[in-house]
Amino acid sequence: MLCEDRLTGAEAGAAAPAGALFRDVTADDAALLRHATLAAMNWRTETFSDADLDRPDFAHYFTGYDPSRDGGLVAVDGEGPVGVAWVRFLPADDPGYGFVSEDVPELTMAVEPRGRGRGIGTALLTRLLAAGRSAGWPGVSLSVEDGNTGARILYERVGFRTVGRNGDSDTMLTRL
Ligand SMILES: CC(C)(COP(=O)(O)OP(=O)(O)OC[C@H]1O[C@@H](n2cnc3c(N)ncnc32)[C@H](O)[C@@H]1OP(=O)(O)O)[C@@H](O)C(=O)NCCC(=O)NCCS
């Protein structure tokens, strides 16, 4: 469980790189998570449209976010949300592309183009992993497509290692 009060206090309001501030993802952030899911899927080109997100294998990343179980952080700058990293616990009969086990939530993240390369992704991820450790998550998994070298460098830097393969993507896991 990742409670709001666990991420407020020392974390929320803490200055992030590029002057961004952090807040928790809430159940009201479905549109933001949808937008970020599309950005993560379209990391290379505009391959997917917003309508594609209604596919169940994509929609479960941003539909039904439960703050009492899932966890996530939004970085906000003067223009609004500039990045978000969140996890969802998905069941074995409706797994994400980076599914490892039901007790290991799966990460999705994206930073707006205006904020990239300024440490916001690193800040989001390190804080989310620290919160997950406090919440007792055994680990966090993710799926990263071949060629997404920038994301992979970030993931390896914070401790993710490749543990599997799914189509043209690696499944990565960090144990907490
Ligand atoms: C991946 C992503 C979240 C990184 O966020 P960010 O705020 O730019 O990351 P940071 O500024 O903290 O950079 C962390 C490190 O990742 C690497 N990195 C990030 N983006 C990179 C890129 N486009 N090319 C090469 N390296 C990159 C760098 O090594 C960087 O460290 P450095 O600045 O010391 O060189 C962001 O680029 C993004 O939203 N990409 C599109 C969506 C996406 O790919 N999501 C993940 C899908 S699996």
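Residues numbered from 1 in each chain as written. Predicted model: local features only at pLDDT ≥ 70, side-chain atom pairs only at ≥ 80, totals over all residues. Heavy atoms only, no water.

The name given to the chain in an unreviewed UniProt entry is GNAT family N-acetyltransferase, with the source organism recorded as Curtobacterium caseinilyticum.

*Asks:* Which parts of the structure should I look at to understand the site of the ligand?
*Replies:* The full set close to the ligand counts 21 residues, and Val111, Gly117, Gly119, Gly121 and Thr122 are the nearest of them. Between an oxygen atom of the ligand and a side-chain N or O atom of arginine 157, the distance comes to 3.0 Å. Notes on the ligand: free accessible area 890 Å², of which the protein chains cover 71%. Cavity membership is defined here by more than half of the atoms lying within 2 Å of grid points; on that basis the ligand lies in the largest pocket. Elements with a minimum of two residues in the shell around the ligand: α2 (30–41), β4 (106–111), α4 (120–135) and α5 (149–157). Top contributing element to the shell around the ligand by residue count: α5, with 6 residues. Taken together, the residues of the shell around the ligand sort by class into 11 nonpolar, 7 polar and 3 charged. (Near = heavy atom within 4 Å. Polar contact = N/O pair within 3.5 Å; in protein donor to acceptor, adjacent residues only side chain to side chain. Areas by Shrake-Rupley, 256 points an atom, 1.4 Å probe, with all protein chains shown as cover. 1 Å grid on protein atoms, 1.4 Å probe; cavity = no way out; pocket = protein on both sides within 12 Å on 5 of 7 lines; lining within 4 Å. Sits in = over half its atoms within 2 Å of the grid points. Helix = DSSP H or I, 4+ residues; strand = E, 2+ residues; numbered from the N terminus. Nonpolar A, V, L, I, M, F, W, Y, C, P; charged D, E, K, R; others polar.)

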